[in-house]
Amino acid sequence: MILNRHIDVYKGQDIYNSLTMNYEIFYPDNWDNLPLIVFLHGAGERGNDITHVDRWALPRMLSNGLELPAVVLCPQCPYEYVWDNLVRDLKRLIDDVVRTFNIKDDRICITGASMGGFGTWSMGLAYTNFFSAIAPVAGGGLGWRASNLKTTPVYAVHGDSDNVVPLVYSQLMVDGVNQSGGSAQLVVLKGFGHGDGIEEAYENTDIISWLLKQRRTDFEAVSEAFSEYF
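Residues numbered from 1 in each chain as written. Predicted model: local features only at pLDDT ≥ 70, side-chain atom pairs only at ≥ 80, totals over all residues. Heavy atoms only, no water.

Q: Teacher, can you tell me more about the pairing of strand β6 (residues 133–137) here?
A: Along a regular strand, successive side chains alternate from one face of the sheet to the other. With five of five residues buried, β6 is to be regarded as a mostly interior element. On β6, burial covers both faces: Ala133, Ala135 and Val137 on one face and Ile134 and Pro136 on the other are all buried. Pairing analysis gives five bridges linking strand β5 (residues 108–113) to β6, with the strands arranged parallel. Across the sheet, residue Thr111 finds its bridge partner in β6, namely Ala135. The handedness of the β5 to β6 crossover, carried by helix α3 (residues 115–126), is right-handed. Here β6 runs beside strand β7 (residues 154–159); their pairing, made up of two bridges, is parallel. When the bridges of β7 are listed, Val137 appears paired with Val157. (Buried < 20%, exposed > 50% of the residue type's maximum accessible area, 1.4 Å probe, protein only. Helix = DSSP H or I, 4+ residues; strand = E, 2+ residues; numbered from the N terminus. Pairing = 2+ DSSP bridges. Right-handed = clockwise from strand over helix to strand, strands pointing away.)

Q: Explain the packing of aromatic side chains to me, please; I cannot follow it from the model alone.
A: Applying the stated criterion across every chain yields a total of eight aromatic pairs. For the ring pair Phe118 and Tyr169, a centre distance of 5.9 Å and an interplane angle of 70° mean the geometry is edge-to-face. Here the residue Phe118 occupies a position in helix α3, and Tyr169 occupies one in helix α4 (residues 168–179), the gap between them amounting to 51 residues. Residue classification places Tyr169 among the partly exposed residues on the basis of a relative accessible area of 39%. Each ring, one from Tyr155 and one from Trp210, has its centre 5.2 Å from the other, and the planes form 40°; the classification is tilted. Of this pair, Tyr155 sits in strand β7 while Trp210 is found in helix α6 (residues 207–213), placing the two residues 55 residues apart along the sequence. There is no split in this pair, since Tyr155 and Trp210 are both buried. An aromatic cluster of three or more residues is present, and its members are Tyr27, Trp31 and Phe101. A cation over an aromatic ring shows up here: Lys91 above the ring of Tyr127, its NZ or CZ 5.3 Å from the ring centre. (Phe/Tyr/Trp six-rings, centres within 6.5 Å; stacked < 30°, edge-to-face > 60°. Lys NZ or Arg CZ within 6 Å of the ring centre and 35° of its normal.)

Q: Hey, could you run me through the environment of Leu58 in this one?
A: Relative to the elements of secondary structure, Leu58 occurs in helix α1 (residues 57–63). Residue class for Leu58 comes out buried when judged on its relative accessible area of 0%. Remark: the alpha-carbon pair of Leu58 and Asp105, spanning 47 residues in sequence, is separated by 22 Å. If near-sequence neighbours (up to four positions away) are discounted, Leu58 is found in contact with Ile37, Phe39, Leu66, Leu68, Val72, Tyr202 and Ile208. (Contact = heavy atoms within 4.5 Å.)

Q: Looking at this model, I keep getting lost on the sheet that holds strand β8 (residues 184–189). Mind explaining?
A: What holds strands together in a sheet is hydrogen bonding between their backbones, with the strands either parallel or antiparallel. Read across the sheet, eight strands follow the order β1-β2-β4-β3-β5-β6-β7-β8 without closing on themselves; strand pairing throughout is mixed. Of all the strands in the sheet, the pair left with one neighbour each is β1 (4–11) and β8. Going from strand to strand, the sheet's axes swing by 15° on average, the running direction of each strand aside. (Axes fitted to C-alpha atoms, helices over the stretch in contact; angles between N-to-C directions.)

Q: Quick question: what am I supposed to make of unusual backbone geometry here?
A: Positive phi is not limited to glycine here, since Ala57 has a value of about 55°. Residue position: Ala57 is located in helix α1. Phi angles above zero are rare outside glycine, and Asn102 is one such case at about 55°. Tracing the sequence through the fold places Asn102 in the loop between α2 (87–100) and β5. On the basis of relative accessibility, which here comes to 43%, the residue Asn102 falls in the partly exposed class.

All we've got here are geometric facts, nothing functional implied.
Listed below in structure tokens is the structure:
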């Protein structure tokens, strides 16, 4: 199942939003009714040269011939932003791709590494009944919002020797989800640091096959953390 590659530019959809964001999509010839994987890259791949997205992890593997039974969306964060600033625009882009490729609403998942791991947590926290699963690698997030993910399966991966984003960032999030009644697992890569841990996660764990197996069954919105005080 050799994948095609399409490159395009997302543009902000209202008069107050001048954002432009490159993205690439990998997809097979027979793409109808396949799951969607969204991949968010790290801080070093920001900018407007889309080829930089292919330096690491899943996009690199796809560019080198990895075949998947999925549509894979890889947006590129503009240099002046981080993913946490772009959750609304990312969601709009994802919605566009879902419509174009006829993705079923129970088969939309997201993963990302480093800054993209933080962005993966942020997207899951913001859209509580949207993703079939999230898989952040070497990331972290707002632990006090972890209850937002109590109906979204989580598969986090982190190297125990990571001195860029320490392991505790993932541990706090995973613990928070589980303490809220959710289902989160943390795969700790013994002896791996940041960059090598990210490559190990995508090359040699079951992160992608796990994502592709997930189906969302509960579409009821989860209340925002502490919303009882609003």
